[in-house]
Amino acid sequence: MRAGAGWALAMVALLPGQALLSERALAQAQQTDQELKALIPDAALADPAAWARDTPAAHESEPDIAGLTDFAADLPPLPDLPQISIPWPDSADLAPVEPLSPDPDIGAAEDAVKQANSALDQAVPPTGRDGAQIANAVVEHVGAQVLLAFPPDATLPEREAIVARFAGLSSLKALDKADDSLAQLSRRAREDNDLIQQVLRLYGYYDSEVVQSLVGLGDQIGQAKATDANAKSSDGEKVVVRFDIQPGPRYQLASIALGDIAQSGDAAALRTSFALAVGDPINSDRIVEERGHLVEALGHRGFAFAKVGEPALQIDHDQRNGALSLPVTTGGTYRFGAVTSLLPAYLNSRHLQRIARFRPGQMYDKLLLDDFRKAVLATGLVSSVNVTTRPVAEPVAGQPGTVAVDVALTKAPRRTIAGLIGFSSGEGVRLEASWENRNFFPPEGALKVRGVAGSREQLAGVTFRRSNFLARDQVLTADFYAQTKRTDAYDARTVSFLAGIEKQTTLIFQKPWVYSGGVEILATSELAATAAPGSPRTTYFIGALPLRMGYDGSNDLLDPERGFRVALRVSPEVSVQSGTKSTYAKVQFDASGYLPAGKRLVLAARTRLGTIQGTALDNIAPSRRFYAGGGASVRGFGYQAVGPKDVNGDPIGGRSLSEFSLEARVQTGLMGGAVSIVPFVDAGTVGTSSAPTLSGLRIGAGVGLRYKTTFGPIRFDLGTPLNRRQGDSRIGVYISLGQAF
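Residues numbered from 1 in each chain as written. Predicted model: local features only at pLDDT ≥ 70, side-chain atom pairs only at ≥ 80, totals over all residues. Heavy atoms only, no water.

Describing the environment of V681
- The topology assignment puts V681 in strand 26 (residues 675–687).
- Relative accessible area serves as the criterion here: at 41%, V681 is assigned to the partly exposed category.
- The spatial distance from the C-alpha of V681 to the C-alpha of A605 is 9.7 Å, given a sequence separation of 76 residues.
- What V681 contacts, discounting residues up to four positions off in sequence, is F660, S661, L662, I699, G700 and A701. (Helix = DSSP H or I, 4+ residues; strand = E, 2+ residues; numbered from the N terminus. Buried < 20%, exposed > 50% of the residue type's maximum accessible area, 1.4 Å probe, protein only. Contact = heavy atoms within 4.5 Å.)

Describing the sheet that holds strand 2 (residues 146–150)
- The four strands lie next to each other as 1-2-4-3, forming an open sheet whose pairing is mixed. Each end of this open sheet is capped by a strand with a single partner; those strands are strand 1 (138–142) and strand 3 (209–215). Across the sheet, the mean angle from the axis of one strand to that of its neighbour is 25°, orientation sign disregarded.
- Sheet topology places strand 1 next to strand 2; five bridges connect them, and they run antiparallel. Across the sheet, residue V138 finds its bridge partner in strand 2, namely F150. (Pairing = 2+ DSSP bridges. Axes fitted to C-alpha atoms, helices over the stretch in contact; angles between N-to-C directions.)

Re the sheet that holds strand 5 (residues 252–257)
- The strand order 5-8-7 describes an open sheet built from three strands, whose pairing is mixed. Looking at which strands have only one partner, the edges of the open sheet turn out to be strand 5 and strand 7 (312–316). Sheet twist, expressed as the average angle between the axes of neighbouring strands with direction ignored, equals 20°.
- In terms of strand pairing, strand 7 meets strand 8 (residues 321–325) through five bridges, oriented antiparallel. Opposite D316, over in strand 8, you have N321 as the bridge partner.

Quick word on helix 11 (residues 182–202)
- For helix 11, with 21 residues, the first-to-last C-alpha span of 30 Å sits near the 30 Å given by 1.5 Å per residue.
- Those residues of helix 11 not exposed but buried are L182, L185, S186, R188, A189, D192, N193, L195, I196, Q197, V199 and L200.
- Count one or two residues on from helix 11 and you reach G204, which has phi positive near 90°. (Expected span 1.5 Å × (residues − 1).)

Brief notes about the pairing of strand 17 (residues 474–486)
- Pairing of strand 16 (residues 457–466) with strand 17 involves ten bridges; the strand directions are antiparallel. Along strand 17, the bridge assignment pairs A460 with A482.
- Relative to strand 18 (residues 490–503), strand 17 runs antiparallel, the two being bridged by 13 bridges. Among the inter-strand pairings, K485 is bridged to a residue of strand 18, identified as A492.

Examining the side chain of D406
- Topologically, D406 is positioned in strand 12 (residues 401–411).
- If sequence neighbours within four positions are ignored, D406 has contacts with T340, N386, V387, T388 and R390.

What about the packing of aromatic side chains?
- Here the structure, examined in full by the defined rule, presents eleven aromatic pairs.
- Where F166 meets F243, the ring centres are 6.3 Å apart and the plane angle is 70°; that geometry is what we call edge-to-face. Separated by 77 residues along the polypeptide, F166 in helix 9 (residues 159–169) and F243 in strand 4 (residues 240–246) bring together distant segments of the chain.
- Residues F305 and Y334 carry aromatic rings whose centres are separated by 5.0 Å and whose planes lie at 85° to one another, so their mutual orientation is edge-to-face. Of this pair, F305 sits in the loop between helix 14 (284–300) and strand 6 (307–308) while Y334 is found in strand 10 (residues 334–341), placing the two residues 29 residues apart along the sequence.
- With a relative accessible area of 28%, F305 lands in the partly exposed category.
- Geometry around F680 places R635 over its ring, the cationic atom sitting 4.0 Å from the centre.
- In this structure, R665 is placed above the aromatic ring of F741, and the distance from its NZ or CZ to the ring centre is 5.4 Å. (Phe/Tyr/Trp six-rings, centres within 6.5 Å; stacked < 30°, edge-to-face > 60°. Lys NZ or Arg CZ within 6 Å of the ring centre and 35° of its normal.)

Structure below.
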């Protein structure tokens, strides 16, 4: 076999001008080669030399070579073959080939054309180029690079909502100021195409068709094919993506399943709270909204442990409707049990029960439970509160069960050190500091020590306050202070004690109705500015019963923007001085209103009227009379500078008061909208008679600056009197916290 194989190879070498093997022959040869390899023993592969020495042929004698030679000599000679002469390629006369140098612009241009064509085909499908745009479409502009086109006769009441929702999520709109290539534009267009389909499905349009195209490309198509598609060009800014939308039919609800609501004892009311019915258009937002209403209704109607799962919507495209399923487990109704404090030494259970607006035996209401949680936080004594309910009696035979309310508290810092600084014309600088422990006498028994150091006032006082006294948001206050105060109208040295009960409104819980009532006892030694030099001071012993009732319909305690407020204060008083006893009633009415006149403008107005009935002016201590002028009254004039004056120009006060204010609060947009400009006009007068009057009305005008903070606006007002009298300052400056009214 080895000799035959060698001969075949030799024959191939002798025929260089012919084809060596056809494809079929090559395949057969490869198959034969594999078969031959399969015949080779493994020993030959492992050690060929040892295997050859151990074969039978290796032990035989050498063959007779001479006999083979004689056999070859007896063969007939081969016939003569024709002579074929082919010139060798080196001797052929061929023209020399000169290599071409490559042009780099050609390769770059070819690549650019391919990329531009690919980007263009993606951004503008053939249907978009061939006039698939809706004729006479209603076109909505969304940003600088997006148009949404709707059929003119389509009934699509949610069009504005669809456009707004798409605009809030659109990639093209969010990045419309970027200098994008066509490839980037096409990618965002595909994303927005999918987004439109998703938004339409939210509103029940499951068979909508959206076709996208480019607007404004024009002659740039040919230019784009010769430009690098990834290069940034100003031409991209002229291209707008248009989506033509055929919403198709709107799917409707075919069925609504609401768990075990039908088996509950309040099925009709609960079903009414879920305001979707069979036949209504499918709207995912409405479904989520009504699920929330159902959750609220379950919690409001006593189902303390109800569970509401996520809604499932099964769409039937053949019938063009959907089946809505909302898993609901009502769990039965419950009544409130006892409130238990888990920190009784700090805030005991009885006090927490007083804060709660529900009582044991009352039907469970989650809204009342949420209100209770907020009220405990509003005490300022806890940094966190966790209110949990646990069943203590299960519902039986249609009768409600009972839940206990456990309150876990985390203490907050109880002590506060505070300071306040203010300035106004006529009053000068006023510094106030205080120290307070809000739970010095648990529960919620606060002790406060305060002091005032000003250019015209000094005060030292101590206050006890019991919050949530006997009832929710009711405060018991006892205040004792000693004060000296010097104004242009009088010089007073006063010791006072005041105790009362007040229905309180706070920044967290602004209440519509508030009231207060109490008793005030004071002794004051005063010297009127009208007194002759060297005159002795007059001591007044005064007892009063101050009462106040107010209604607050505004939207904010410190910075109202809409609504109104009214309040009436009545204080019957008895005054004894130098053996003379006088009785009178001091009445004051306040009203203010707030009207928004645009997104950045609020108009505010105020009126204050006052009267003192029952005695002559001379029998009333100078510090208890009416005065006007200053930052909280008629701005532009000094403190107490409006009203009757003596021959020396000093105010004497009066028995009646009339004040009016009008201002425009204009938000500037500076510093994130925190800064506002406030032009204002104030007017007021004080009369010696008891009836309010407009005689001697003084008018001040100016402009203010407000800086809004988390604790209220900081106020800076600059005013001037429009009808000033001799001795009045030309400019009034006022700085304080909160609006003027």
